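So you can see what is in the structure, the chains are spelled out below.
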Amino acid sequence: MTSRAAGRPAGFTDSQVAQLDSQLAGDVISPTHREYDRLRRIWNHMIDRHPAAVARCVNHSDVSTAVTFAREHGVEIAVRGGGHSVAGHSMVDHGLIIDLSPMRRVAAEPDIGRVRAGGGCLLADLDRATQVYGLATPAGVMSQTGIGGLALGGGMGWLTRKFGLTCDNLLAAEVVLADGSVVTASAQETPDLFWALRGAGAYFGAVTEFEFAAHPVGTTMPVGVAMYRLEDAPSAIAHYGRTMSRSADDLKATIFLRRAAAEPGVPQDLIAAPVCMLVSVWTGEARDARPVNEELWRGAPKLFGSVQTVPFVELQSMNDAVLTAGACNYTKGGYLGGIGDGCIQSLIESAKMLPSADSVIEIAYQHGAQDRFDERETAFPDRHADHSINVLTRWRPGTDGQPYIDWARETLGVTTPWQTSGLYSNFMAVDDDHRVRDVYGGDKYEKLRAIKAEYDPENIFAKNPNIPPASDAAATGEANTGRP
């Protein structure tokens, strides 16, 4: 693995880099710059790419200039917000990175329940600003995730069942289009683009500012955690499924099949062994949290169960240390219908072979607020699926990753009889780009192609699981075949 590109990657000459740099309020970082290696690295170290330059944009004018400059010079672009795309769509070899990370201003408007966030904001930025007023926007489960990629792909988190997906809470967005123009996407001004942004937004431009709804949640939240031996997991999970199907939208609970860490309450013989965990968040009356969790847990004998009141910002950062940057990551994910005995047992057999302490099988019951939208109201697909499943595996750089990748593929594969159609775009792996039609289905896919033809007819924003414009005579409806 190289630490620096040998010479300058193809794409720009020195004079062109200097020219672009002179036009921006921000900076342009070339491969000879001391910051280049840091900026070309993203969260997933499975991705090791060398862009021709990184444009550190500080406002929408910088983004517009950089997009126009790259288009005029025939150089590919990728947009980086938080750099947390597991599939690496925020980094490209030999192209120009539109780096929004300097754009992290957040302004909460508590009187009207809204918040504006720059395109480079992390969830931590958003939460810090809204929690001052006891507000929150439903967004993810890790504070270092970029708000842009998460929201534009849908956005699932602890508050989803109560308040909907992140994209459901998008009210407006400032977008730099492929021709360099800047527009406001909203239901009133550009309804077709706004429809597309909510679930397929990465294909249409660079979003430099988001406006979200922010909901009153207080500053603390009851969090429930229970652990089971793997042999008791079938009963625990079956009861989870029955309980969640009749639970209030205030209860969000996720199943984790993972290896146990050396933590309080974990028996010595289970440290590093596969276990089943139920983790929940309750947004209802705090006094009800304990009985609600006791009901959720009673499907099998538990090793321990606790309910603790946790600051919301702490809840949002609980996964940060476990999922820190620097590891190689690979995911496989999709949607499941009912999780019957056969499905549960198949996943438990896979859990017995968890390849690392950081690898996990995650199953989450959906429904709730996201069901209040009609499937046709947004580009986000499969909002009425019963469960999401995400299989994540991690390994250290320099280690052979193939056994980890094989395990993830095989684990999702055993659930095939229970899978429903579709795929959550934010769970797509580096080798899933060809499945973009599967993500959106025929009708939405064709509508997205028509909108793409209007706003990006030259397919400038193509470094993603690409949706080619309908006007592209060469397009067959298949995704970009490029591979990392």
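Just above, that's the structure.
How each quantity is defined
Residues numbered from 1 in each chain as written. Predicted model: local features only at pLDDT ≥ 70, side-chain atom pairs only at ≥ 80, totals over all residues. Heavy atoms only, no water. Salt bridge = Lys/Arg side-chain N within 4 Å of Asp/Glu carboxyl O. Helix = DSSP H or I, 4+ residues; strand = E, 2+ residues; numbered from the N terminus. Buried < 20%, exposed > 50% of the residue type's maximum accessible area, 1.4 Å probe, protein only. Contact = heavy atoms within 4.5 Å. Pairing = 2+ DSSP bridges. Axes fitted to C-alpha atoms, helices over the stretch in contact; angles between N-to-C directions.

Peer 1: Looking at this model, I keep getting lost on the pattern of salt bridges. Mind explaining?
Peer 2: Any two side chains of opposite charge can pair, given that their charged atoms come close. In total, this model carries 32 salt bridges according to the counting rule given. Put simply, Glu375 and Lys444 hold a salt bridge, and the shortest N to O gap is 3.1 Å. With Glu375 in the loop between strand E17 (360-365) and strand E18 (387-395) and Lys444 in helix H13 (residues 436-455), the pair connects residues that are 69 residues apart, well separated along the chain. The exposure class of Glu375 is partly exposed, given its relative accessible area of 24%. With relative accessibility at 10%, the residue Lys444 sits in the buried group. For the salt bridge of Lys452 with Asp456, the shortest nitrogen-to-oxygen distance reads 2.8 Å. As far as burial versus exposure is concerned, Lys452 and Asp456 are alike and both buried. What you see here is one network of salt bridges that share partners, running through Glu109, Arg114, Arg116, Glu209 and Glu211.

Peer 1: How do you make sense of the environment of Thr420 when you look at a structure like this?
Peer 2: Along the polypeptide, Thr420 turns up in the loop between helix H12 (402-413) and H13. Residue Thr420 is classed as partly exposed on the basis of its relative accessible area of 33%. C-alpha separation for the pair Thr420 and His387, spaced 33 residues apart in sequence, amounts to 9.4 Å. Not counting the four nearest positions on each side in its chain, Thr420 is found in contact with Tyr335, Leu336, Gly337 and Ala385.

Peer 1: When you look at the sheet that holds strand E12 (residues 220-229) in this model, what are you seeing that I'm missing?
Peer 2: Strands in a sheet are paired, the pairing made by backbone hydrogen bonds, and the direction either parallel or antiparallel. Read across the open sheet, the 7 strands follow the order E15-E12-E14-E13-E17-E18-E16; overall the sheet is antiparallel. With one partner strand each, in any of the chains shown, strand E15 (304-311) and strand E16 (328-336) form the two edges of the open sheet. This sheet shows a mean twist of 20° between the axes of neighbouring strands, independent of strand direction. Two elements, strand E13 (residues 251-259) and strand E14 (residues 274-282), share 9 bridges in a ladder whose sense is antiparallel. In the sheet register, Thr254 faces E14, and the bridge partner there is Val279. Running over the sheet, helix H8 (residues 233-244) touches E12, E13, E14, E17 and E18 and is turned about 160° from E13. Each of E12, E13, E14 and E15 touches helix H9 (residues 289-297); the most contacted strand, E15, lies at about 145° to it.

Peer 1: It is not clear to me how the pairing of strand E9 (residues 182-186) should be interpreted in this structure. Could you clarify?
Peer 2: Strand residues, when the strand is regular, have side chains that alternate between the two faces of the sheet. Both strand E8 (residues 170-176) and E9 contribute to a ladder of 5 bridges, which runs antiparallel. What sits directly across from Val176, in E9, is Val182. Between E8 and E9, which pair antiparallel one after the other, the connecting turn spans 5 residues, and Gly180 there sits at a positive phi close to 90°.

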